[in-house]
Amino acid sequence: MRKLSDITDAILEYHPNGDVDIILDAYLLSAKAHRNQSRKSGEAYFSHPVEVAWNLTRLKMDEKAVAAGLLHDTLEDTLTTPEEIIQSFGEEVYQLVDGVTKISKIHFSSQEETQAENYRKMILAMSKDIRVVLIKLGDRAHNLQTLGSLHEDRQKRIARETLDIYAPIANRLGIGWLKAELEDGAFKYLHPAEYQLIKKKVAAGRAKHEKFVKRVCQLVMDELAGAEIQGAVQGRTKHYYGIFKKMMGQDIGFDDVYDLIGVRVLTHSVKDCYAVLGLIHALWKPIPGRFKDYIAMPKPNGYQSLHTTVIGPEGERVEVQIRTEEMHSVCEEGIAAHWQYKESDKAKPKPAGQGLVWVRHLLESQKDFKNPKEFLHAFKVDLFSNEVYVFTPRGEVVALPRGSTPVDFAYSVHTDIGDHCQTCRVNGKIVPLRYKLRNGDQVEVVTSKLKNPNRDWLSFVKTSKARSRVSNYINSQERARSLLLGKELIEKEIRELGLDPEAVLKAKNLDEAIHASGFGNMESMLRGIGIGKISAIHVIERLVPRDKLEKKKPAEAATLKLKTHEAPKTEGPIKVKCLNEDILLRVGKCCNPVPGDPIVGYITRGRGVTVHHLECPSVSDLGSEPERLIEVEWGAEKKTAFPVRISIVAEDKPGQLAEISNAIARFDVNITRANVQQGPSKRAYFDFFIEIHDLNQLNHTLNAITRVQGVIHVERVKEYKKKVSGKNTLDGRVSDTSTTEGRELRV
């Protein structure tokens, strides 16, 4: 176990005027509180808070944070009271200890709603004081070192939580060494066989690697001396989990991981960094596409460095990182590098670069998500995002998650720009709003006060901010539309009965009828009628006396009545996205969308919502009723078979039909009908009608067919029954129609 002097000496090294008395007092109180406790490993429990405090000195934390690290388990695991901590150490230290205690009670493997709430608690703790999470990271780093004494189930749960949550947070906060330590510690228990194999192979090649690295470092030092550039050269080997990720990501073996060895060059200035890059590229041939300039375009967590991979001595690939000593400090310490220790003997964090901006952005975004699934998706996109760097018209750099679009860019600049985004120019050319931005793109957004967020944007926006703003706007619009539509429907029904709508809707028993219909107030009831959750006649029957209603009720009214004790049934795994209400749903027969297709719902009077493919011509033929569109999404409640037609062009040869059929059968896909025709130039044309569960299964099936020898191309045939006259077809009924086919080539 580390000594008290180890901790105090470390603090005084980076903060010479630090108040180490508070560390001594916290050390004594923690030792007293934990004196009769032991860990599962048999060690004295007190060794754990001491190691946590040591980890915090590695992060160069202030004295109050280190004291809180010593006390972090006292509230939860001992008889120590909040009053004792406040009296001895003050409110600030107590708040840190209390924050860590609350985070320690969070488990991230529970059900979706609870999990979302736990993520929100984590974000809230980070936003109040980032030191709370840094203490928790120090706590988790030591816990991983002692996981061996726990049951296998707990080992895997803690390791998975570390890899999914805490290591990415360390990365987002820019603490490189801690991220690597957490990843390797978790990797050891999640994939023990792979961990031991990689560890063994790295150890076996250590002597050879060290000799090679020493040679490379000396060659670089000679180049620096020849150019009269002052700097230091360090060698390094990838950490175990980094090697494992590369093996898994590229589907290669250990021996095929070429850039196991890395060299880091530390210089005194940015000018020297670029000069060294020139020397390296003159000395060894660079590999195209492996150069990244994080100095000109820093990562969101503040990381800056030049990265290049070259073919070094003996044909070995070597990754070279070039940065200034100040950049290296930020890289190693991350957010802690922004702590500023003043002569006033008080350590106060500066606004810690993009680290705290990211936390504040998360806190702002999470308020906009009511749906737990959406919030979890947004949180993980922010946490695990690979960045793309683009420029504003003024040349400022904006970092966005890979796959982001001009709409994401617009919202990152300002909410108003996103809300009124009309068109976009990338590198001077107009591009679609769903265009995926690339590194180095210069983006200019053109706005219009007449333009508002579009439902279609949700199918391509990437950032949580953009998704939350668009969802909120659509939700508010749809609630307003369903309210107006519900009011229109019930008033129309009342008039058809020959009654006065104003008088009926002011009846004395109105509140009773609202509650009996399953709603809390008039507004929610009208929305329910508007989205088809309940029929207008059902409500009217509760408002108008039976004898009076029987004289007025039209014959068809009985067909609209819903049973109060039966929940509406949903056809297929579809649900309304922005409204947490059960409504009747059906799939439009005019376009037959399948799970994974972009879809939209259409409110049908008295018949719930009909779901159509977003490209279905019926959607664009709405005419005067766009207010009936409602946002829907595919759910995952059950597996349902959906009909799909695919067309194949292949070489005309014996056995071709059998090979294609076998490729389809491998994915458990049922063929309901098949047509084969011979064509010119020794070509055969196949039309298959199959049943699939979702778009993912369809894509796998199509990919398998393309790999069949002799297949030239495969396509999904989208058949839309388009209205040419008569009534609108959006309710699923076709009147006076002709069929048009839209084909999408898939090679």
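Here the structure is shown first, and the text comes after it.
As the structure is a computational prediction, the values presented were derived from the model and not from experiment.

(A) Structural view of the overall build of the protein chain. In terms of regular secondary structure, the protein chain is built from 29 helices and 24 strands. Counting across all 747 residues of the protein chain, residues that qualify as buried make up 51%. Taking as baseline every contact in the protein chain between residues at least 6 positions apart, the subset at least 24 positions apart corresponds to 67%. Total accessible area on the protein chain is roughly 36400 Å²; 49% of this is exposed by carbon and sulfur atoms.

(B) Highlighting helix α28 (residues 656-665). Burial in α28 covers these residues: Gln656, Ile660, Ala663 and Ile664. The buried residues of α28 occupy an angular sector of 100° when projected down its axis, which confines them to one face.

(C) Seen up close, the packing of helix α13 (residues 206-226) against helix α15 (residues 270-283). Here α13 crosses α15 at 125°, and the two axes come no closer than 10 Å. Of the possible angle classes, the one that applies to α13 and α15 is oblique. Crossing angle aside, the handedness with which α13 passes α15 is right-handed. Where α13 approaches α15, its residues Leu219, Val220, Glu223 and Leu224 are matched on the opposing element by Val276, Leu279, Ile280 and Leu283.

(D) Expanded view of the nonpolar core. Counting 67 residues, the largest nonpolar core has Ile23, Val66, Leu137, Leu182 and Ile198 as the members making the most contacts within it. Leave out the neighbours within four places in its chain, and Val66 touches Ile7, Ile11, Tyr14, Ile23, Ala53, Leu56, Thr57 and Met61. If you look at the next biggest cluster of nonpolar residues, it comprises 55 residues, including Ala513, Ala536, Ile648 and Ala704.

(E) Local environment of the pairing of strand β22 (residues 683-692). Of all 10 residues that make up β22, seven are buried, and the element is covered over most of its length. The pairing of strand β20 (residues 642-651) with β22 spans 10 bridges and is antiparallel. When the bridges of β22 are listed, Ile648 appears paired with Phe686. The antiparallel hairpin formed by strand β21 (residues 670-679) and β22 contains three residues in its connecting segment, where Ser681 sits at a positive phi of about 60°.

(F) Representation of the side chain of Gln697 in the model. Along the chain, Gln697 falls in helix α29 (residues 695-706). Here Gln697 falls in the buried class, since its relative accessible area comes to 12%. Beyond its immediate stretch of four places on either side in the chain, Gln697 contacts Phe667, Asp668, Val669 and Ile692.

(G) Looking closely at the pattern of salt bridges. Considering all chains together, one arrives at 15 salt bridges under this definition. Asp139 is the salt-bridge partner of Lys136, the closest N and O atoms lying 3.1 Å from each other. With Lys136 and Asp139 both in helix α9 (residues 130-145) and three residues apart, this pair spans about one turn of that helix. Here Lys136 falls in the buried class, since its relative accessible area comes to 5%. Taking relative accessible area as the criterion, Asp139 reaches 4% and is therefore assigned buried. Residue Arg495 pairs with Glu491 through a salt bridge whose shortest N-O separation is 3.8 Å. Here Arg495 and its partner Glu491 are both found in helix α21 (residues 464-496), four residues apart, which amounts to about one turn of the helix. Under the relative-accessibility criterion, Glu491 is labelled buried at 16%.

(H) Structural context of the sheet that holds strand β13 (residues 443-447). Strand order in this open sheet of three strands is β12-β11-β13, and the pairing throughout is antiparallel. A single partner strand is all that each edge strand has here, and the edge strands are β12 (429-431) and β13. Strand-to-strand, the axes of this sheet are offset by a mean angle of 35°, without reference to chain direction. Pairing geometry for strand β11 (residues 421-426) and β13, over five bridges, is antiparallel. From the neighbouring strand, Cys424 faces β13, where its bridge partner is Val445. Against the sheet, helix α19 (residues 406-413) contacts β11, β12 and β13, and its axis sits at roughly 80° relative to β13.

(I) Broad picture of the pairing of β21. Direction of pairing for β21 relative to β22: antiparallel, over a ladder of nine bridges. By the bridge assignment, Gln678 is partnered in β22 with Ala684.

(J) Focus on the side chain of Asn143. Considering the arrangement of structural elements, one finds Asn143 in helix α9. Apart from the residues lying within four places of it in its own chain, the contact partners of Asn143 are Arg39 and His48.

Each value, and the rule that gives it
Residues numbered from 1 in each chain as written. Predicted model: local features only at pLDDT ≥ 70, side-chain atom pairs only at ≥ 80, totals over all residues. Heavy atoms only, no water. Helix = DSSP H or I, 4+ residues; strand = E, 2+ residues; numbered from the N terminus. Buried < 20%, exposed > 50% of the residue type's maximum accessible area, 1.4 Å probe, protein only. Contact = heavy atoms within 4.5 Å. Areas by Shrake-Rupley, 256 points an atom, 1.4 Å probe, with all protein chains shown as cover. Arc of directions from axis to C-beta. Axes fitted to C-alpha atoms, helices over the stretch in contact; angles between N-to-C directions. Parallel < 35°, antiparallel > 145°, perpendicular 65-115°, else oblique. Left-handed = near helix turned anticlockwise from the far one by under 90°. Core = buried A, V, L, I, M, F, W, Y, C linked by side-chain atoms within 4.5 Å. Pairing = 2+ DSSP bridges. Salt bridge = Lys/Arg side-chain N within 4 Å of Asp/Glu carboxyl O.

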